[in-house]
Amino acid sequence: MKVPERQFIGRAAAPGLAEGRLFRLREADRQRVPTGSRLDEADALLDAVQEAARELTALAAATGGDAADMLNFQVAMLEDPNLLEQALELVNHGLPADQAWQATMDAEISGYEQGEDEYFRARASDLADMRARVLAVLNGDRGEHLPGGAVLVADDLPPSRFLTIDWAGGGGVALAGGSPSSHVAMLARARGVPMVVGLGTLPSDLPADATAMVDGGSGTLVIEPTDTTRAALRQRAGAHRERRAATERSAMQPARTADGTPIRVLVNVSDPRELDRIDPAICDGIGLTRSEFLFHGKGPLPDEEVQFAAYARIVRWAAGRPVVLRTLDAGGDKPIAGLTIHGESNPFLGTRGIRLSLARPDIFRVQLRAMVRAAELGDVRIMLPMVAVPAELDAARALLTEIVRELGANATPKLGMMVEVPAAALRAADFTADFYSIGSNDLAQYTLAAARDIAAVAHLNDAANPAVLDLIAHTVAAGAARGVEVSLCGDAAGDPGLTDALLRTCLRTLSMAPAAVAEVKQAIAAVDLRASA
Amino acid sequence: MNDAGPPATRTGSIVVPNAAGLHARPAVKLTQTAKGFSSRIEFALAPDGPWIDAKSPVKVMRAKAAKGVTLHFRATGADADAALSAMLELAASGFGEE
């Protein structure tokens, strides 16, 4: 009899398509006979915890990398006398070793499950893994053999069990519970094992040895797929893989136009956390770090140590590539409580960017100190926003020089400026900037006197307007004459539709959101600067 | 030591910079670093406690210190100075997380 197809939808945890025999993982149900002696039960528990830690240490040594760190976390928790003492206390009150451990770990785990943060909640499965391993040792249960190439269906899958499975022959995982933030989901992503989590309670009558498919990208588990479903899933997975591969390939290539002109592609960073998922090899450096992320917390303004730690993290990520740190660009549409001035009749023409920093040297000085210290760790360049006249750059440079002396730093970082005020673009050559970066959003707004967020005039705010392009070309020429680099870091840099126009102003450096890199590199490759536009 | 005075207590605070907070791997780093000192080392999420033993991974995890919370450290003992600066430095580096 043909079993009908059944589909279950959960959350995507690791992309990819797996097809194989369904294998339902059951909780161990072997019963242990207690010794009846409190002393013997205590000894049994001590031995089991030590044995579990030994097994995990050996598994960690055999796997290495991030997986080893996850297992070593369990080892550290097992070796902490705290949990063991709680369980021994229960043994002392007459509970057998396994029940004492179970009760101790259950209580500990429920504390994690009540966390507000998904990341902490997800650690509950690491503790469940520890609970199960110690119980298995106590019960003399060596665990069922998990076949490779199968679709494993379980309530949850402990990371240590995931690691004992040979995934080389394919296979996937479908979990009733779990979280995309769990360690086992991270392992699955790292090893390319498709995984779906959060499917909810699955029926107990799923036929053993049925054919199952896991589509990790869409979070779907299919039991006994029809030929139509199978073909559709395969096609979707294949198309997804090809698209991804093509985009990734172009992201990793150095950018060159069709005529062979090299273009420097930099990334804009608004929060250092976003760097965790990005390979620095996709770019030639960081063209803009928006330091505002440090000032958006509810608490007091960030001190020098907090700022230094954040900048240091970005500089380490860049691994020797240049990093442009922009000093605070508050004001305008970016108010910060306790810092920016409220009630200005036109905040975009008011105390924003460098104007605010020079008005609040106490805060500006802390930021420059943290940046100068971070510059000891790599190629850091400091950039000032909203500069309109040379006196602003000169005042900032005087303060920077003083701070470098006061810190006894080895070198003075390059000090550059944003070009976003038309006055600065028209007279770029008058500034002693070590580099220029064109902020095309504000440059378009101030040149055309039209804000992007006022619908009635938004169409006028166009970075490709000839007046804006003329100002860009003028700035590029001024930079070339002075022998300093000019880049562009506004949204226009990440718009593949504008790449051609921007490169024709003789710009050779673009800084954009990391997500735009692959597409813009493809657009650059299509530009032929020998041909007329 | 001829100095018969009470052991020194040193305190300092820092904001947890890394994205996921004081989670599994950072908690292990923190306790390993703390165990390298003879001083009693504790931390708290408020300047007046409750104080948590920085050498116990179980207790460190229970604190559920998320990104952005301020960690207050307190070290008491012969090597309190070195212990405190090591803890603050480790926290400033995002607990060595990239």
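The coordinates are above.
If you're wondering where the values come from, they're calculated on a predicted model, not measured in any experiment.

Student: An account of the interface of chain A and chain B is needed here, citing residue identities and associated values.
Tutor: Listed per partner, the contact involves 27 residues of chain A and 24 residues of chain B. Secondary structure elements with two or more residues in the side of chain A that touches chain B: α2 (65-79), α3 (81-92), α5 (118-122) and α10 (304-318) of chain A. Ranked by the residues each element gives to the side of chain A that touches chain B, the list is headed by α10(A), at 8 residues. For the side of chain A that touches chain B, the residue count by class is 12 nonpolar, 5 polar and 10 charged.

Student: Describe the pairing of strand β4 (residues 151-154) of chain A, and please don't skip the residues or the numbers.
Tutor: Residue and element names in this part refer to chain A. Across the two faces of β4 the burial is the same, with Val151 and Val153 and Leu152 and Ala154 all buried. Of the pairings in the sheet, the one linking β4 to strand β5 (residues 172-175) comprises 4 bridges and is parallel in character. The partner of Val151 across the bridge, within β5, is Gly172. The β-α-β motif built from β4, the intervening helix α7 (residues 159-164) and the parallel element β5 has right-handed crossover chirality.

Student: Describe the sheet that holds strand β8 (residues 220-223) of chain A, naming the residues involved and giving the relevant values.
Tutor: Residue and element names in this part refer to chain A. Taken together, the 8 strands give an open sheet; going across it, the order is β1-β8-β7-β3-β4-β5-β6-β2, and neighbouring strands pair in mixed fashion. Every other strand in the sheet has two partners, leaving β1 (6-9) and β2 (11-14) as the edge strands with one partner each. On average, each strand axis in the sheet is tilted by 25 degrees relative to the strand beside it, whichever way the strands run. When β5 meets strand β6 (residues 195-197), the two strands line up parallel, connected through 2 bridges. Paired with Ala174 across the strands is Val196, a residue of β6. Where helix α8 (residues 183-191) meets the sheet, it contacts β2, β5 and β6, and its direction lies at approximately 60 degrees from that of β2.

Definitions and cut-offs
- Residues numbered from 1 in each chain as written.
- Chains lettered and ligands numbered in written order.
- Predicted model: local features only at pLDDT ≥ 70, side-chain atom pairs only at ≥ 80, totals over all residues.
- Contact = placed C-beta atoms within 7 Å.
- Helix = DSSP H or I, 4+ residues; strand = E, 2+ residues; numbered from the N terminus.
- Nonpolar A, V, L, I, M, F, W, Y, C, P; charged D, E, K, R; others polar.
- Buried ≥ 20, exposed ≤ 12 C-beta atoms within 10 Å, placed from the backbone.
- Pairing = 2+ DSSP bridges.
- Right-handed = clockwise from strand over helix to strand, strands pointing away.
- Axes fitted to C-alpha atoms, helices over the stretch in contact; angles between N-to-C directions.

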